[in-house]
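# Results of the structural survey
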Number of protein chains: 2
Amino acid sequence: MTGDRAGDYRILHEAALRDHLAGLPDIAALLGGEPASWEITEVGDGNLNLVFIMKGASGGVAVKQALPYVRLVGESWPLPLSRAHYEYLALSRQAQIAPGLVPALLHHNEALALTVMELLEPHIIMRKGLVAGTQYPGFVGDITTFMARTLFFTSDLALSAAEKKEGIAAFAGNHALCKITEDLIFTDPYRIAEQNRWTAPYLNALAASLRDDMELHVAISRLKLKFMASPEALLHGDLHTGSIMVTDHQTRVIDPEFAFYGPMGFDVGAVIANLVMAYFASAGHERATGERAAFEAWVLETVEKVWSEFARKFLDLWRAEGTGDAYPVSLFAGAQGAARLEAERQAYLHRLFADTVGFAAAKTIRRIFGLAHNIDFELIEHPKKRAVSEARAVRLARAMMVETGTFRTIADVTGAARKLRDWRPELTG
Amino acid sequence: MTGDRAGDYRILHEAALRDHLAGLPDIAALLGGEPASWEITEVGDGNLNLVFIMKGASGGVAVKQALPYVRLVGESWPLPLSRAHYEYLALSRQAQIAPGLVPALLHHNEALALTVMELLEPHIIMRKGLVAGTQYPGFVGDITTFMARTLFFTSDLALSAAEKKEGIAAFAGNHALCKITEDLIFTDPYRIAEQNRWTAPYLNALAASLRDDMELHVAISRLKLKFMASPEALLHGDLHTGSIMVTDHQTRVIDPEFAFYGPMGFDVGAVIANLVMAYFASAGHERATGERAAFEAWVLETVEKVWSEFARKFLDLWRAEGTGDAYPVSLFAGAQGAARLEAERQAYLHRLFADTVGFAAAKTIRRIFGLAHNIDFELIEHPKKRAVSEARAVRLARAMMVETGTFRTIADVTGAARKLRDWRPELTG
């Protein structure tokens, strides 16, 4: 893990990248054979970076290099290279506390904003699998372990206040990435903004109604303030199903370049929102009525278990390893103290559930009216069919954001989703 | 404002201090005359530092030097010198945004942990004046301007998220001072701790009841977590009446070495708690029944105005200068948007009031059962009389912490205090 002098940044196109890796003995050995024989493929389909797969005679690696701008938009939208270093810091931390659930780190060069990682094969981006209607039986166990451990062990429940403040300071410089979230998730979808787009004309009236919905604007602004000023734990910061690679039995969380100390519900809500969107998109991918019913049932069951297993694991960690400066056990001695602390743990999780519901709603609306959409909806070929699926998701999200308190359990969320499965929205045009 | 090399720290006793200031032309000129003629007096009565007044032929200055340990306890309790630099950073920021309400900074030497400031004359520590029964007509206006401006202009309501995160990071290293607060205010008074003390034997039973009161332990733990993980604004961090110097018409806030980004209610609650303690202590300072009635009425009226004027000024700043990333005005266009945003401002202040009530309670209990007491109570000569005043304050504080929601307005706080003015507590022994 070396860092060259700042100012040495250059984009490593294929030959230069080959030379760079050839100069790293461990990686050259892992790839095997002559560097000239290594096969390079550019595979990045994300919004921000270059991603290459490099394969040699004996093995392969994934290489990610940050560009000094947003790839999705171009050089007109600059973005600091330092995000690659924050991603590396986050991956390192996640590897410690959630081992086996992130790709192994092989090399990081801070000046080049370049990281070499284990090649994940035959994993695919989970979102692609969900579009195809694939069920992932190992997913719930893995993602809830990942979230419970990364969130708990970086929180005040596990750390001293000094360690926590050091962590917050270490990631404070990643504010340009936070700003993307603040603008694209918490602001732009609710006002006229050049980069917004939606399935027109069908959702025109719905888009306009969101821009005029002051209850929604208050709710999204409260969530934005929470996002900015509630450093509860080190978040992944972009934990959608495009940041998760899966096989039937393995799960790896990738791409934590949005990492920072924020509210836990933002990560948990991201997972739930993206599953709920996969559920609503599913109807748009049917070729025959009901052919995806088993998949859809699995998705909603997964939503329920994501919350319940996360909550169970988080609580177990707190009970067993709650040695942070918050809720010191010395104040809860005896049977009565233990019972009162346990009740407080439940209250903490109840509050975290409400945050999760709100953030899940925010993550949904941005995918339908903001800049960055997702293939769950985008690959529904017929725009009107797509708009129907999107409108159902928005109806649920609006309720989750404005009437958060009426969703008391995760079954309230899945129950509401199920009721909207065949709801016919009024569309424009 | 120069900083020598780290490692150059030494305690500047009187001759060395004289030499140091003689080497600073601006300060030497301000003092006037020969350095040998300057009069030096050690005046520090705080818990942590050395404080000198240096007077020359034409003027005087105050000099504060941090010791590498807690002065109140001794070398067995080390404390980082860096706190002097955080104090300097905070004073500089406060001077910008609340001009005229902090002492002017004349010199800062980071390596020596030494700051030279304007000599405040004829100001006295406000707490001493309150013990004497003095009313300060200028206080409410000044302290509410100080709090409204320092809290608003360092919050997400005024700053971009990037500026806010930079501020949080700049003060994150001051965690040793935060830890003092976390231990001495939010933990130790509620458990057996070597450094606790109280007016024994009279408050023995009350001290024991607090250690067994699990509702109180939940409430103080929630406040502690909020203190640790809610960086709403740059706090003074120790805003009691011993950190305020006054004349009849001037107010200066001093000693912000506990500064960090925390919950606004902690500063507002500190002011209110210390006034409420002055109110309950007043009965103990009477030589004739009722002789301090006018003072006591002024104190409670001041408590009410501290909140109401703070809230009014804070709201006015938000309306006029709310250009931060939180609650973007672009989401609240039109008459309906403006009305909804105004309602949300009121809700924000209502939530801040609840925090204030809780933190005020925490600040009260620590002064009666923790390490650091205050002269409001300590100077009540007869221990039993002192215990009576203290028990009244604790009764109110316990209600404010556990039943925070029942205090809906500041008049609920002052009304409850008034009812307890002549309450006869049961004492031990």
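Residues numbered from 1 in each chain as written. Chains lettered and ligands numbered in written order. Predicted model: local features only at pLDDT ≥ 70, side-chain atom pairs only at ≥ 80, totals over all residues. Heavy atoms only, no water.

This part takes up the relation of the copies chain A and chain B. When chain A is fitted onto chain B, the two copies agree to an RMSD of 0.0 Å after a turn of 180° and an axial shift of 0.0 Å. The operation mapping one copy onto its partner corresponds to a two-fold rotation axis. Residues of chain A ranked by C-alpha distance from the rotation axis are headed by A:Ala169, positioned 2.3 Å from it. When the interface residues of chain A are mapped onto chain B, 100% of them again fall at the interface, so both copies present the same face. (Least-squares fit on C-alpha atoms with pLDDT ≥ 70 in both. Contact = heavy atoms within 4.5 Å.)

Moving on to the environment of A:Gln250. All names here are of chain A. Inspection of the secondary structure puts glutamine 250 in the loop between β10 (244-246) and β11 (251-253). Separated by 128 residues in the primary sequence, glutamine 250 and proline 122 place their C-alpha atoms 9.9 Å from one another. Polar side-chain contacts of glutamine 250 include one of 3.3 Å to the side chain of arginine 252. (Helix = DSSP H or I, 4+ residues; strand = E, 2+ residues; numbered from the N terminus. Polar contact = N/O pair within 3.5 Å; in protein donor to acceptor, adjacent residues only side chain to side chain.)

So, about the pattern of salt bridges. Side chains that carry opposite charge are capable of pairing whenever their charged atoms lie near each other. By the definition in use, this model includes 60 salt bridges over all chains. In this structure, B:Arg222 and A:Glu344 form a salt bridge, with 2.6 Å as the shortest nitrogen-oxygen distance. With B:Arg222 in helix α9 (residues 214-229) and A:Glu344 in helix α12 (residues 334-369), the pair connects residues from two separate chains. Accessibility expressed as a relative area gives 44% for B:Arg222, which makes it partly exposed. Where B:Glu309 meets B:Arg312, a salt bridge forms, and the shortest distance between an N and an O atom there is 2.9 Å. Remark: B:Arg312 and B:Glu309 occur in helix α11 (residues 293-321); sequence separation between them is 3 residues, near one turn of the helix. Through salt bridges that share partners, A:Glu309, A:Arg312, A:Asp316, A:Arg319, A:Glu342 and A:Arg345 make up one connected network. (Salt bridge = Lys/Arg side-chain N within 4 Å of Asp/Glu carboxyl O. Buried < 20%, exposed > 50% of the residue type's maximum accessible area, 1.4 Å probe, protein only.)

It is worth spelling out the sheet that holds strand β6 (residues 105-109) of chain B at this point. To summarise the sheet geometry, strands pair through backbone hydrogen bonds and adopt either a parallel or an antiparallel arrangement. Residue and element names in this part refer to chain B. One open sheet accounts for 5 strands, arranged β1-β2-β3-β7-β6; its pairing is antiparallel. Strand pairing shows two members of the sheet lacking a second neighbour, β1 (39-42) and β6, which therefore form its edges. Taken over all neighbouring pairs, the strand axes of this sheet differ in orientation by 20° on average, direction set aside. For β6 and strand β7 (residues 114-118), the ladder comprises 4 bridges, and the chain directions are antiparallel. The partner of histidine 107 across the bridge, within β7, is valine 116. In the packing of helix α1 (residues 14-22) onto the sheet, contacts are made with β1, β2 (49-55), β3 (60-66), β6 and β7, and the angle to β2 comes to roughly 60°. Contacts between helix α3 (residues 82-97) and the sheet are confined to β2, β3, β6 and β7, with β6 contributing the most and set at about 150° to the helix. (Pairing = 2+ DSSP bridges. Axes fitted to C-alpha atoms, helices over the stretch in contact; angles between N-to-C directions.)

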